[in-house]
Amino acid sequence: NFFWPRFIIIIIFSGDRSASIEEVKFNEVTVYLVERKMGSSRRSFLTSLARSKGFRVEYALSDEVTHVVAEDNQAGALWAWLRGSGLRDVSRLQVLDISWFTDSMREGRPVTVETRHLTECSPPTAAASVSQYACLRRTTTENHNKIFTDVLEELAENSEFNESKGPCLAFRRAASVLKSLPSAVHCLGAIQGLPCLGEHTKAVMEEILIFGRSFKVEEVQSDERYQALKLFTSVFGVGPKTAEKWYRRGLRSLKEILAEPNIQLNRMQRAGFLYYRDISKAVSKAEAKALRSIIEETAHWIAPDSILALTGGFRSHRGKEYGHDVDFLLTMPEMGKEEGLLLRVIDRLRDQGILLYCEHQGSTVDMSKLPSRRFEAMDHFEKCFLILRLEEGQMERDGGLQKDPGESRGWRAVRVDLVATPVDRYAFALLGWTGSRQFERDLRRFARKERGMCLDNHALYDKTKKLFLPATSEEDIFAHLGLEYVEPWQRNA
Ligand code: CTP
Ligand code: MN
Ligand code: MN
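Predicted model only: the values in this text are computed from it and were never measured.

The next point concerns the coordination of the manganese ion (ligand 3). Distances from the manganese ion (ligand 3) to its protein donors, namely Asp325 (OD), Asp327 (OD) and Asp417 (OD), fall within the range 2.1 to 2.2 Å. Here the donor residues of the manganese ion (ligand 3) are spaced in sequence according to D-x1-D-x89-D.

This part is about helix 13 (residues 285–302). An ideal rise of 1.5 Å per residue puts 26 Å on 18 residues; helix 13 measures up with 26 Å between its terminal C-alpha atoms. Along helix 13, the residues that are buried comprise Glu287, Ala288, Ala290, Leu291, Ile294, Ile295, Thr298, Ala299 and Ile302. Seen end-on, helix 13 carries its buried residues on one side only, within an arc spanning 165 degrees. Counted as exposed and oriented over 90 degrees from the buried face of helix 13: Glu297 and Trp301. Residues of helix 13 that are buried in the fold lie against strand 5 (283–284), strand 6 (307–311), strand 8 (326–331), helix 14 (341–351), strand 10 (382–391) and strand 11 (411–420).

Bound to the manganese ion (ligand 2) are the protein donor atoms Asp325 (OD) and Asp327 (OD), situated 2.0 to 2.1 Å from the metal. Between the manganese ion (ligand 2) and the manganese ion (ligand 3), both coordinated by aspartate 325, there is a metal-metal distance of 3.6 Å. Considered together, aspartate 325 and aspartate 327 belong to a single accessibility category, that of buried residues.

The next subject is the sheet that holds strand 2 (residues 56–58). Pairing is parallel in the open sheet, where four strands are placed in the order 2-1-3-4. Each edge of the sheet is formed by a strand with only one pairing partner; in this case those strands are strand 2 and strand 4 (94–97). Averaged over all neighbouring strand pairs, the angle between strand axes comes to 30 degrees, with direction disregarded. In this sheet, strand 4 lies alongside strand 3 (residues 67–70) in parallel orientation, the contact comprising four bridges. Looking across to strand 4, one finds that valine 69 is bridged to leucine 96.

This next bit is on the pattern of salt bridges. Throughout the structure, instances matching the rule amount to 29 salt bridges. The salt bridge involving glutamate 321 is made with lysine 285; its shortest N-O contact spans 3.2 Å. Of the two residues, glutamate 321 is situated in the loop between strand 6 and strand 7 (322–323) and lysine 285 in helix 13; the sequence distance between them amounts to 36 residues. Each of Arg225, Glu244 and Arg248 takes part in a single network of salt bridges with overlapping partners.

Considering the arrangement of structural elements, one finds arginine 51 in helix 1 (residues 40–52). One buried charged residue, arginine 51, remains without a salt bridge, the closest side chain of opposite sign being glutamate 58 at 5.9 Å. Here the side chain of arginine 51 touches valine 57 through a polar contact of 2.7 Å, landing on its backbone oxygen.

Here we take up the environment of methionine 335. With respect to the element layout, methionine 335 can be found in the loop between strand 8 and helix 14. By relative accessible area, which is 47% here, methionine 335 ends up partly exposed. Among all residues touching methionine 335, those that are not within four sequence positions of it are Pro422, Val423 and Asp424.

A separate point is the nonpolar core. Trp100, Phe101, Leu178, Phe232 and Trp246 are the most contacted members of the largest nonpolar core, which totals 61 residues. Leave out the neighbours within four places in its chain, and phenylalanine 232 touches Val238, Ala243, Trp246, Tyr247, Leu251, Arg252, Ser253, Leu254 and Ile257. Counting 34 residues, the second-largest nonpolar core is a separate cluster that includes Ala288, Ala303, Leu349 and Leu388.

This part takes up the packing of helix 1 against helix 3 (residues 98–107). Packing of helix 1 against helix 3 brings their axes to within 11 Å, and their N-to-C directions diverge by 40 degrees. With respect to helix 3, the element helix 1 is oriented oblique. Helix 3 is crossed by helix 1, and the crossing has left-handed handedness. Where helix 1 approaches helix 3, its residues Arg42, Leu46, Leu49 and Ala50 are matched on the opposing element by Ile98, Phe101 and Met105.

Let us now look at the confidence of the model for the chain. Overall, the prediction assigns the chain a mean pLDDT of 91, with 91% of residues at 70 or greater. Low pLDDT (under 50) marks residues 9–18, which in the prediction has nine contacts with non-local residues, meaning those over four places away or in another chain.

Calculation criteria
- Residues numbered from 1 in each chain as written.
- Chains lettered and ligands numbered in written order.
- Predicted model: local features only at pLDDT ≥ 70, side-chain atom pairs only at ≥ 80, totals over all residues.
- Heavy atoms only, no water.
- Donors = N, O, S within 2.8 Å, 3.2 Å for Na, K, Ca; no water.
- Helix = DSSP H or I, 4+ residues; strand = E, 2+ residues; numbered from the N terminus.
- Expected span 1.5 Å × (residues − 1).
- Buried < 20%, exposed > 50% of the residue type's maximum accessible area, 1.4 Å probe, protein only.
- Arc of directions from axis to C-beta.
- Contact = heavy atoms within 4.5 Å.
- Pairing = 2+ DSSP bridges.
- Axes fitted to C-alpha atoms, helices over the stretch in contact; angles between N-to-C directions.
- Salt bridge = Lys/Arg side-chain N within 4 Å of Asp/Glu carboxyl O.
- Lys, Arg positive; Asp, Glu negative; His and termini not counted.
- Polar contact = N/O pair within 3.5 Å; in protein donor to acceptor, adjacent residues only side chain to side chain.
- Core = buried A, V, L, I, M, F, W, Y, C linked by side-chain atoms within 4.5 Å.
- Parallel < 35°, antiparallel > 145°, perpendicular 65-115°, else oblique.
- Left-handed = near helix turned anticlockwise from the far one by under 90°.
- pLDDT = per-residue confidence, 0-100.

If you want it as C-alpha cells, here you go:
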C-alpha cells in the first residue's frame, strides 16, 4: 500500500523576513534599515529593492551589519539606541541617512559615503557653553573622543617638529576642547559652535567620521623625518633641535647614533640612552606610590617637618593611571629652611645606592622680576631631574614593577622630577606643576587676557593694581582670578 501524499504543503516565504535568494554582489556591505519613522511596509519595500540589486540586507541588528540606514531619526537618539543594542563595537558602524541608500539604489552599487550622507544631527545645546579656556572647562581622564584627539595630538607634534607654532597650538587646543566633551562626537553637526575647532581640525574630523581613519595623519606617520624626530626626542635629554641635527646628518635609528663616533652625547643624553628601555616604559600608579614613600622617608630623615607633595599627572586626584615620570614638590614650613634641603636629599638617595642619574639646578628666583610671559620658560626654583632605581622589594603587594615579560632583574629605572620651593611660593608651584600643560597654558592666557594679571609658577601679579597677590593655597589663586575652583582631577585638559 503505497501512500502518495494527498496534500501538497506549500510553504510561502513571506519574502521580507526570510533570507534572500538573490545573489549578493557586495560582500563588504551589510545593510540594516531602521524601522522607526520609516514604517514596516516601506522598510519591506526598500529591503526587496536592495536585495534585487545584490545588496545584503539584514532584518536583525547584529555584528555583521556594516551600514545602518535611518530616515528622519535624530542622531542622538539613534546612537543611544545603538549603544544599548549589545553590539560588540558600535563605533565601526556607518550610521547613514536614507540619502546614502537612495543614491546607492540609483547607482546600483554601494556609493562612497560622503558628509551629506551622515545622519542629521541636532547641534548640542551645550556647545555654546563650552569655554575657549581650559580653566573654565572640567576635563577628567575619561576621554570620549580619543579617536580624534590622538590624531590631533600627533598632528600637533608634527607641527612642532616643523616649528609651525600656530598650527601646533591650534591642534592642541582643539584636542583639549574635544577631551572636555561629555560624550563622543558622531557627526560634524555635533561640533557646531564649539570654540577652537578650525578648518584643518574639522577636515581631519570629517575624514575620521567618514572613513574611520585620517589620511593626513597616516601621511605624517609614514614621513621619514617625522619618524626619526619622534624616535630621537623619545630619548631623555634630546630636544627637537638635537634631533633635527642628527636627522640632517642622515641618521635614522638610535643604533646609528650610538655607532657614530663624531656625535658627542652630553651627560643627560648618555643616561637617556643607557636607561632608554626602562624610562620609555610607562610608570604605574603603584610605582609612583612606592617612590613617594622612598622620597618622603628620605626627606623626613633629613628634616622631620619637611612637606612633600606629589604633583604632575600622579597628583593624588588627577587620576592618571600611568605617567612618563613622577613629579614631586618639596618645602619647609618655615621660610628659608628649604635651602640646602634638596642637595641633602640627593646625597642621601646616592648613599642608598638608588641614584642612577642627577641633574641639579640651583634656584635663580628673582622676585624683582615680573612673572614670565612665556609659558614654556622653565621656572626658577631649585630642582633636579633624576633617574632612580626602584627595587621590586619596595613595591607593595597591589602592584609589581612595570617590566618586559621575561625580564629577570628585580628593579627598574624611573624618571623623577623634584622641585624645592620656599613656603610662600608653594601654592603657585603646586598649581603650576600639577598640570596638565594645556590647563596651565590656558590659566595663564585667561589671567592675562581676561584679568590683566600675570601668572606663572612663582607668583600672580595684578598689572592694574601693580601688586603681587599672595596665596597659601590653590583655592586662593583661583579666587584671585575670579574662577571657580577646578579640582586636580578635572584639569586633564
Ligand atoms: N612643568 C613646569 N615646568 C617645567 C616642567 C613641567 O611648570 N619645566 C609643569 C607642567 O605644567 C606640567 C607639570 O609640570 O603640567 C608636569 O610635567 P610633566 O611631568 O611633563 O607632565 P605630566 O602631566 O606629569 O605628565 P606625564 O605623565 O607624562 O609625566
Ligand atoms: Mn609627570
Ligand atoms: Mn615631569
